[in-house]
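Residue-level listing of the chains:
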Amino acid sequence: MAPIDTPDPELLAAARAAAARAHAPYSRFHVGAALRSASGRVHAGCNVENAAYPLTGCAERHAIAAGVLAEGADFAIADVLVVALDPAGALQPAPPCGGCRQQILEHGRHARVQFVDGDARWCAETIATLLPFGFRLD
Ligand SMILES: [Zn+2]
């Protein structure tokens, strides 16, 4: 992973605000994601859990849905930032899951993704690095 000194402050604030609104009564793992589109707009999402666990949705995917809703079919992701907070509010490692990597790739072939890694460092990677053989229908 490529460590960075400082995460994007605008995206961090939006992701933290989204995480504060997460519906995570089962895992108590509150996740927020914020993305900046190619047009410069910021969209955010939080994880939404369900008692039927497979219906749970990730923060990244909900941020993407917000972007599509607000900007339409030409929506493109430039940057994404993910935060995960434990019940005490401490940052936890949260690289996007495989499904979210595929969703990010769909809307941002060159997107940069920022997250806390397993060593508690902020990192930034391109989606191509995180998902080198992502599926595409071109
Ligand atoms: Zn995910």
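Relevant structure appears above.
Attention here is on the structure that accompanies the text. (Residues numbered from 1 in each chain as written. Predicted model: local features only at pLDDT ≥ 70, side-chain atom pairs only at ≥ 80, totals over all residues. Heavy atoms only, no water.)

## Topic: the nonpolar core
In summary, soluble globular proteins display a tendency toward joint burial of nonpolar side chains. The test is simple: In these notes, a set of buried Ala, Val, Leu, Ile, Met, Phe, Trp, Tyr and Cys residues joined through side-chain atoms within 4.5 Å is what counts as a nonpolar core. Summary of the burial criterion: residues with accessible area below 20% of their type's maximum are buried, those above 50% are exposed, and those between are partly exposed, where the area comes from a 1.4 Å probe applied to protein chains only. A run of H or I in DSSP counts as a helix once it spans at least four residues, and a run of E counts as a strand once it spans at least two, with each numbered from the N terminus. It only takes one pair of heavy atoms within 4.5 Å for two residues to be counted as in contact.
Ranked by size, the top nonpolar core spans 21 residues in total, and within it Leu35, Ile77, Ile104 and Ile127 carry the most contacts. Taken together, the elements giving at least two residues each to this core come down to strand S1 (30-37), helix H2 (59-71), strand S3 (77-85), helix H3 (98-107), strand S5 (112-116) and helix H4 (127-130). For this core, the leading source of residues is S3, giving four residues. Excluding residues within four positions of it along the chain, Ile104 makes contact with Ile64, Ile77, Val80, Pro96, Ala111, Val113 and Ile127. In terms of nonpolar packing, the next biggest core, distinct from the first, is built from eleven residues, Leu11, Leu12, Ala15 and Val83 among them.

## Looking at the pattern of salt bridges
Applicable threshold: Every case where a carboxyl oxygen of Asp or Glu lies within 4 Å of a side-chain nitrogen of Lys or Arg is listed as a salt bridge.
Counting across every chain of the model gives six salt bridges. For Asp8, the salt bridge is made with Arg36, and the minimal N-O distance between the two is 2.9 Å. Taken together, the residues span a long stretch of sequence, with Asp8 in the segment before helix H1 (9-19) and Arg36 in strand S1 at a distance of 28 residues. In this pair, the class of Asp8 matches that of Arg36, namely buried. Between Asp79 and Arg36 there is a salt bridge, and its shortest N-O distance comes to 3.8 Å. With Asp79 in strand S3 and Arg36 in strand S1, the pair connects residues that are 43 residues apart, well separated along the chain. Asp79 gets classed as buried once you look at its relative accessible area, which sits at 15%.

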